[in-house]
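# Summary of structural features
If you want the building blocks of each chain, they are given just below.
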Amino acid sequence: MTVPKKLVLIGNGMAGVRAIEHLLKLAPDTYEITIFGAEPHPNYNRIMLSTVLAGSTELKDIVINDWDWYKDNHITLHTNQTIKKIDTQRKVVISESGMEAPYDEVVIATGSKPFMLPIPGADKEGVIAFRDIQDCEKMFSAAKSYKKAAVIGAGLLGLEAARGLLNLGMEVTVIHKHPYIMERQLDEAASLMLRKELEAQGMKFLLSKHSASITGRGRVKELQFTDGSHLATDLIVMAVGIRPNVDLARSSGIDYNNGILVDDFMNTNMAHVSALGECVEHRGVAYGLVAPLYEQGAVLAKRLAGVETAGYAGSVTSTKLKVSGVDVFSAGRFIETEGSRALRIQDDMAGTYKKIVIRGGKLIGAVLFGDTADGASLFASIKSGESIEGREKELLLGISNDLLGKSGGSASRLENMPDDEIVCGCNGVTKGAIGDAVLNKGCHTFGELKACTKASASCGGCKADIEGLLHLFAGDAVGESAKEGICGCTSLSRDEIVEQIQSMRLMTIKEVMHVLDWNNKEGCSKCRPSLNYYLGMLFPEDYVDEKESRFTNERYHANIQKDGTYSVVPRIYGGVTTPADLIKIASVAEKFNVPLVKFTGGQRLDLFGVKKEDLPKMWEELEMASGHAYGKTLRTVKTCVGNTFCRFGTQDAMAMGIKMEKAFERLNAPAKFKLAVSGCPRNCAEATIKDLGVVAIDGAWEIHVGGNAGVKVRACDLLTTVKTEDEVMEWTGAYLQYYRETAQWNERTAHWIDRVGLDTVKKALEKQEDRLALVERVQKTLSLTTDPWKEIVDNDELRKNFEPIAGPLPV
Amino acid sequence: MSKLLIGKLSDIDVRGSRTVRVKETEIALFRLEDGSVLAIENRCPHKGGLLSEGMVCGTVVHCPLHDWKVDLHSGLVKDPDDGCVTTFATEIDPDNGAIYVVI
Ligand SMILES: Cc1cc2nc3c(=O)[nH]c(=O)nc-3n(C[C@H](O)[C@H](O)[C@H](O)COP(=O)(O)OP(=O)(O)OC[C@H]3O[C@@H](n4cnc5c(N)ncnc54)[C@H](O)[C@@H]3O)c2cc1C
Ligand code: SF4
Ligand code: FES
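Residues numbered from 1 in each chain as written. Chains lettered and ligands numbered in written order. Predicted model: local features only at pLDDT ≥ 70, side-chain atom pairs only at ≥ 80, totals over all residues. Heavy atoms only, no water.

The name an unreviewed UniProt entry gives chain B is Nitrite reductase, with Paenibacillus sp. BIHB 4019 as the organism.

Definition in use: UniProt positions are given in the numbering used here, feature names are shortened, and annotations may be inferred rather than shown by experiment.
Going by the annotation in an unreviewed UniProt entry, the name recorded for chain A is Nitrite reductase large subunit, with Paenibacillus sp. BIHB 4019 given as the source organism. Recorded under Sequence similarities (unreviewed entry), the UniProt text for chain A is reproduced unchanged: "Belongs to the nitrite and sulfite reductase 4Fe-4S domain family."

Laid out in structure tokens, this is it:
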């Protein structure tokens with residue numbers, strides 16, 4: 001048996017690990033692999049950081065290979081280990097902490113470093129880059145305590161950061177030294193259109209501005225410009241460019257220029273040392289996008305596996321801005337110069353722009369704004385270098401040759417594409433992988449393909465190509481490009497379903513699924529709970545709640561924890577309790593050996609680590625109402641002290657909170673909702689990040705709505721100001737019912753308000769008669785609720801489900 | 001192989017579940033709408049979630065922790081995830097509704 005050779009990868013990022021994935025497929029047993037990464041995380045998709053920041057993805061979702069993947073593939077992974085030197089004599093790599101690892105082959109993939117403007121004050125707290133998870137986390141936390149953000153640099157990265165910060169609720173100003181934004185990717189016309197669109201989304205711009213210094217004691221306070229003007233800000237994100245990270249080459253005697261110098265097979269000048277990714281320079285070019293890096297990775301993997309391969313010949317790149325609501329695409333050389341000519345169309349009404357640049361009969365560049373559907377095919381034509389003579393107008397107008405009945409269109413281009421060409425750059429999906437998914441894994445719709453291969457799941461720039469390939473491989477078997485319904489079981493939307501239920505008076509989940517022709521008659525964990533909610537909301541008196549269609553938490557009326565135990569939260573109205581109740585909670589906790597007691601974020605006591613079979617017994621002894629800390633219902637009404645004790649208080653916040661909690665407890669809703677009442681504008685109960693928050697002012701109450709303090713922070717909007725407690729109750733009831741009737745299942749008020757618009761809500765609640773009608777409906781529903789804990793304690797048939805079946809008997 | 005008497009049909013709600021411990025193994029028994037009872041090991045292959053607490057849709061149970069879907073007949077995890085759970089044969093006495101599990 002041959003001893004595997006030792007392969008060390010330095011840099012646990014996108015390019016390096018991609019090459020390893022490839023290598024594992026080609027030669028699984030040739031190497032014993034060790035990876036060093038300076039970050040504490042397993043390999044993740046850096047591209048998706050912008051979507052994480054924008055709130056549409058969570059950090060955990062962007063991990064490409066989790067810890068298990070390394071284990072399963074026998075890869076030794078050292079995170080938090082920065083390699084400082086490669087000793088090419090002894091053939092070992094040495095980390096900053098002194099760790100050493102021998103190698104037969106070593107690959108450098110250290111990516112790049114964000115370029116930080118060397119201006120005075122750039123080292124202050126609150127000045128950051130946008131490169132890794134840590135930067136994202138810094139932005140999340142800054143947005144919690146500060147309001148104003150500045151982004152220096154209006155390139156792709158800067159704008160994506162700015163969009164994310166807007167979503168985090170910050171006021172964002174983008175500073176750019178050029179007179180127009182994204183000048184490296186767009187021409188002036190497209191840039192102007194983009195700016196208009198972003199301004200409409202709330203971004204502010206300061207153009208032709210050069211930053212001079214940053215001031216502030218400890219933390220940044222102000223950004224000064226060379227023209228003497230300045231901008232107050234609490235956070236500065238620098239996105240002015242990246243530099244290939246050549247530190248290791250420098251300390252190890254490896255040749256570098258801008259980046260580490262490599263040949264077409266990713267060799268450096270040093271034997272057994274290869275490099276790839278953003279840290280390298282190939283034929284004079286250092287790339288800052290993943291598609292070329294993946295191509296480099298494929299070549300390197302083949303070479304390391306001993307498989308014959310053509311060298312890497314460089315890439316033409318395309319870019320797409322990942323900002324929702326704006327479609328921008330550019331590729332190749334899109335600024336016309338001498339010897340090239342440009343054709344363009346601009347439609348200011350539709351907000352679209354398209355320009356193609358031609359040289360010597362070939363397409364060399366393109367810019368699209370507003371409608372980027374043709375991006376993929378234009379890009380392909382740039383890459384292939386085919387002649388487009390006689391087809392210029394068709395390309396410009398976007399009428400495909402297929403439509404015109406000529407050959408040479410996109411279909412034949414896709415047909416001729418080699419199997420190992422990467423179609424989706426973000427996720428490194430090849431044409432071959434798409435073919436395999438369609439032919440062997442039964443993916444016959446775009447959605448299925450996306451789920452199965454991840455193609456088009458990041459930036460979406462390749463959608464047209466993926467759809468083209470789907471048609472190519474599946475032929476007539478292409479499924480309906482299914483309209484996306486509330487889940488995979490139906491193509492109907494929430495509104496369609498609710499409308500049908502109402503008009504046909506469908507009364508059970510089963511009936512809905514049958515009549516509305518669910519394609520999965522059993523439903524799933526998405527549609528069943530939502531139908532259960534819609535039916536209950538529409539017919540509070542007649543519908544019998546189906547507990548099997550509720551999640552664990554709501555079936556067992558306690559929160560399931562990761563180890564299968566539960567946590568119990570008794571209701572403590574308004575956060576106000578009594579010594580007697582505290583004693584009772586404490587003694588129950590002791591009696592049942594509760595390992596952890598904690599105050600929740602909403603001023604309640606949470607008893608953790610309770611065994612399921614103990615739940616009913618605990619409730620019985622507690623004799624308190626369920627705090628509903630588990631359901632899609634009213635969670636808590638947080639209060640401050642108010643005028644009872646506080647010297648600032650103008651109104652009785654505790655009494656108001658308790659009244660509200662008693663009135664609305666147990667109310668089911670599309671998602672959980674939280675309320676709060678503060679006794680004065682100091683707002684100690686943090687009422688303006690709640691689904692509904694009441695803030696007392698002298699002689700009146702302000703009602704704020706649509707706030708959220710979760711992953712994506714959203715501050716409330718002021719709904720109205722009222723004089724009396726009764727009015728507070730009326731508006732709250734009406735608001736909650738309107739939300740219950742119009743929101744989608746699982747949609748928090750913050751998203752709901754963003755979707756339907758504050759004005760719509762204001763309008764719906766404007767007239768008192770409308771409010772009273774809503775209040776009447778919510779009252780009806782509330783009058784039918786009961787306390788689930790009590791119900792279970794008193795009912796053996798329900799109670800049995802908490803116990804395991806006694807002992808099995810052998811027969 | 002041994003056959004164990006677990007309980008009777010009415011111990012389990014339709015589309016509900018109960019658990020039983022046999023030596024080291026916790027078994028989850030599900031009663032489906034068609035009257036059958038299926039038994040699997042009560043441990044999700046993902047992170048050990050208790051499948052007995054999950055929602056039953058047809059012949060599939062959704063793990064309560066991260067929504068993996070496990071087929072109760074085969075024990076196989078449904079796409080896009082991978083894995084499987086041990087299944088146990090069950091018998092129901094049509095006369096008195098007694099449930100047996102074969103281990
Ligand atoms: C917010 C954001 C959005 C982006 N969007 C896009 C996009 O839409 N499309 C696109 O194509 N590209 C995009 N990119 C660029 C893309 O992420 C990079 O091109 C790609 O990640 C580079 O891969 P890499 O492996 O060369 O470097 P990286 O992924 O950066 O990996 C390098 C790793 O090496 C580690 N490292 C560095 N030095 C050492 C050392 N001495 N020892 C050990 N470890 C070390 C680093 O910590 C890092 O984890 C984006 C980048 C960012 C930051
Ligand atoms: S919000 Fe006002 S009334 Fe309430 S505790 Fe704070 S300062 Fe006092
Ligand atoms: S533990 Fe079951 S899905 Fe994660």
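### Let's talk about the overall build of chain A
This is how it is decided: Secondary structure counts use DSSP, requiring at least four H or I residues in a row for a helix and at least two E residues in a row for a strand, with both numbered from the N terminus. Think of it in three bands: with a 1.4 Å probe and only protein chains considered, a residue is buried below 20% of the maximum accessible area for its type, exposed above 50%, and partly exposed in between. Whether two residues touch is decided by their heavy atoms; if any such pair falls within 4.5 Å, the residues are in contact. Surface accessibility follows the Shrake-Rupley procedure with a 1.4 Å probe radius. Residue values consider only the protein chains on display as shielding.
Tallying secondary structure elements over chain A gives 28 helices and 37 strands in all. Evaluated residue by residue, chain A yields a buried proportion of 52% over its 811 residues. Sequence separation of at least 24 residues holds for 61% of the intrachain contacts in chain A that already meet a minimum separation of 6. In the form shown here, chain A has an accessible surface area of approximately 36,300 Å², with 50% of it arising from carbon and sulfur atoms.

### As for the sheet that holds strand S5 (residues 92-95) of chain A
Residues and elements named next belong to chain A. Selection rule: DSSP-based pairing: two strands are paired if at least 2 bridges between them are found. Axes here refer to lines fitted to C-alpha atoms; in helices the fit is confined to the stretch in contact. Angles between the N-to-C directions go from 0 to 180 degrees.
Read from one edge to the other, the open sheet built from 3 strands follows the order S4-S5-S6, with strand pairing classed as antiparallel. Strands at the two margins of the open sheet, each flanked by one partner only, are strand S4 (83-87) and strand S6 (100-102). The average angle at which neighbouring strand axes cross in this sheet is 20°, direction not considered. Bridging between S5 and S6 involves 3 bridges; their strand directions are antiparallel. Looking at S6, one finds that Val 92 is bridged to Pro 102.

### What about the site of ligand 1?
Residues and elements named next belong to chain A. For the record, the criterion: For this description, a residue counts as near a given molecule or strand if any of its non-hydrogen atoms is within 4 Å of it. The term polar contact refers here to a pair of N or O atoms within 3.5 Å; inside protein, the definition further demands a hydrogen-donor-capable atom paired with an acceptor-capable atom, and it admits residues adjacent in sequence only when both atoms are side-chain atoms. When residues are grouped by polarity, Ala, Val, Leu, Ile, Met, Phe, Trp, Tyr, Cys and Pro land in nonpolar, Asp, Glu, Lys and Arg in charged, and all others, Gly among them, in polar.
Around ligand 1, a shell composed of 32 residues is seen, among which Ala 15, Glu 39, Arg 131, Glu 278 and Lys 322 lie nearest. Take Arg 46: an N or O atom from its side chain is 3.0 Å from an oxygen atom of ligand 1. Within the contact set of ligand 1, a nitrogen atom lies 3.4 Å away from a side-chain nitrogen or oxygen of Asn 245. Coverage of ligand 1 by the protein chains reaches 92% of its 980 Å² of free accessible surface. Counting only elements with at least two residues in the shell around ligand 1, the list comes to helix H1 (14-26), helix H5 (156-167) and helix H8 (290-305). No other element matches H1, which puts 3 residues into the shell around ligand 1. Split into classes, the residues belonging to the shell around ligand 1 amount to 13 nonpolar, 13 polar and 6 charged.

### Here's the deal with the site of ligand 2
Taken together, Cys 640, Val 641, Gly 642, Cys 646, Phe 648, Gly 649, Gly 679, Cys 680, Arg 682, Asn 683 and Cys 684 of chain A form the complete shell of residues around ligand 2. Classifying every residue of the shell around ligand 2 by side-chain character gives 6 nonpolar, 4 polar and 1 charged.

### Details of helix H9 (residues 375-384) of chain A
Think of an α-helix as turning once every 3.6 residues; residues three or four places apart then point the same way. Residues and elements named next belong to chain A. For H9, the buried fraction is high: 7 of the 10 residues fall into the buried class. When we look at burial in H9, the residues that qualify are Gly 375, Ala 376, Leu 378, Phe 379, Ala 380, Ser 381 and Ile 382. Gly 385 lies just past H9 and shows a positive phi near 65°.

### Quick look at the packing of helix H13 (residues 431-440) of chain A against helix H15 (residues 463-474) of chain A
Residue and element names in this part refer to chain A. Cut-off, in case you're wondering: Orientation categories follow fixed angle ranges, with anything under 35 degrees roughly parallel, anything over 145 roughly antiparallel, 65 to 115 roughly perpendicular, and all other angles oblique. Here is the rule for handedness: rotate from the far helix to the near one, and if that takes an anticlockwise turn smaller than a right angle the crossing is left-handed, while a clockwise turn gives right-handed.
Two numbers describe how H13 lies on H15: the axes approach to 9 Å, and their chain directions differ by 50°. As judged from the angle between their axes, H13 and H15 are oblique. In the crossing of H13 with H15, the sense of the turn from one axis to the other is right-handed. Residues Lys 431, Ile 434, Gly 435, Val 438 and Leu 439 of H13 pack against Ile 466, Leu 469, Leu 470, Leu 472, Phe 473 and Ala 474 of H15.

### Thoughts on the interface of chain B and chain A
Applied cut-off: In short, buried area is how much 1.4 Å probe accessible area vanishes from two parts on joining, totalled over both. Every case where a carboxyl oxygen of Asp or Glu lies within 4 Å of a side-chain nitrogen of Lys or Arg is listed as a salt bridge.
With 31 residues of chain B at the contact, the number on the chain A side is 34 residues. Buried area between chain B and chain A, summed over both chains or domains, comes out near 2,600 Å², and the portion from carbon and sulfur atoms is 51%. The largest contributions to the chain B side of the interface with chain A come from Arg 18, Glu 53 and Met 55 of chain B, which together make up 27% of the buried area. Between Glu 53 of chain B and Lys 612 of chain A there is a salt bridge, with the nearest N and O atoms lying 2.9 Å from each other. Remark: the boundary between chain B and chain A carries 16 residue pairs in polar contact (both at pLDDT 80 or more). When residues of the side of chain B that touches chain A are traced back to their parent elements, those giving at least two are strand S1 (3-8), strand S2 (17-22) and strand S5 (55-57) of chain B.

### Some points on the UniProt feature "binding site: siroheme" (unreviewed entry) in chain A
Residues and elements named next belong to chain A. Residues annotated by UniProt as "binding site: siroheme" (unreviewed entry) correspond here to Cys 684. When you line up the elements, Cys 684 lands in the loop between strand S33 (673-678) and strand S34 (692-697). In this structure Cys 684 touches Cys 640 and Ser 678, once residues within four positions along its chain are discounted.

### Details of the pairing of strand S13 (residues 211-215) of chain A
Residue and element names in this part refer to chain A. Bridge count between S13 and strand S14 (residues 222-225): 4 bridges; the pairing is antiparallel. Paired with Ser 213 across the strands is Gln 224, a residue of S14. Following S13, the chain reverses through 6 residues before pairing antiparallel with S14; Gly 216 in that reversal takes a positive phi of roughly 140°.

### Notes on the sheet that holds strand S37 (residues 809-810) of chain A
Taken together, the 7 strands give an open sheet; going across it, the order is S37(A)-S1(B)-S9(B)-S8(B)-S4(B)-S3(B)-S2(B), and neighbouring strands pair in antiparallel fashion. The open sheet is flanked by S37 of chain A together with S2 of chain B, the only strands paired with a single partner. One ladder, built from 5 bridges, connects strand S3 (residues 25-31) of chain B with strand S4 (residues 37-41) of chain B; its direction is antiparallel. Across the sheet, the residue bridging to Ala 28 of chain B is Ile 40 of chain B, located in S4 of chain B.

### Some details on the pairing of strand S23 (residues 340-347) of chain A
When a strand is regular, its side chains alternate between the sheet's two faces. All names here are of chain A. The pairing of S23 with strand S24 (residues 352-359) spans 8 bridges and is antiparallel. Within S24, the position partnered with Arg 344 by the bridge is Lys 355. Remark: 4 residues form the turn of the hairpin made by S23 and S24, two consecutive strands paired antiparallel; Gly 351 in that turn has positive phi of roughly 70°.

### A word on the confidence of the model for chain A
Should pLDDT be low for a region, the predicted coordinates there are not to be read in detail. Spelled out, the test is: One number per residue, pLDDT, summarises how confident the predictor is, and it ranges from 0 to 100.
This prediction gives chain A a mean pLDDT of 89; 96% of its residues lie at or above 70. Segment residues 400-408 of chain A: pLDDT under 50, and 12 contacts once partners within four positions in sequence are set aside and those in other chains are kept.

### Overview of helix H22 (residues 653-664) of chain A
All names here are of chain A. Under the convention used in this document: Helices are assigned an expected span. That span is 1.5 Å times one less than the residue count. Directions are taken from the helix axis to each C-beta atom, and the arc is the one they span.
The end-to-end C-alpha distance of H22, which contains 12 residues, comes to 16 Å, matching closely the 16 Å that a straight helix rising 1.5 Å per residue would cover. Every buried residue of H22 is accounted for by Ala 653, Met 654, Met 656, Gly 657, Met 660, Glu 661 and Phe 664. The buried residues of H22 all sit within an arc of 165° when viewed along its axis, so they share a single face. Those residues of H22 that are buried lie in contact with strand S32 (634-639), S33, S34, strand S35 (700-705), helix H23 (725-742) and helix H26 (768-783). Immediately downstream of H22, the backbone of Arg 666 shows phi near 75°, a positive value.

### Focus: the side chain of Glu 278 of chain A
Residue and element names in this part refer to chain A. Checked against the element boundaries, Glu 278 lands in the loop between strand S19 (273-275) and strand S20 (280-282). Residue classification places Glu 278 among the buried residues on the basis of a relative accessible area of 10%. For Glu 278, the side chain forms a polar contact with the side chain of Ser 112, separated by 2.3 Å. Separated by 2.9 Å, the side chains of Glu 278 and Arg 131 make a polar contact.

### Describing the packing of aromatic side chains
Residues and elements named next belong to chain A. Put simply, the test is: Pairing of aromatic rings covers Phe, Tyr and Trp, the last counted by its six-membered ring, and requires centre-to-centre distances within 6.5 Å; plane angles under 30 degrees mean stacked, over 60 mean edge-to-face, and any other angle means tilted.
As enumerated under the stated definition, the model contains 11 aromatic pairs over all chains in all. Taking 5.0 Å as the distance between ring centres and 80° as the angle between the ring planes, the aromatic pair formed by Trp 69 and Tyr 70 counts as edge-to-face. The same class applies to Trp 69 and to Tyr 70, which are both buried. Ring centres of Tyr 533 and Trp 745 lie 5.9 Å apart, and the angle between their planes is 35°; this geometry places the pair in the tilted category.

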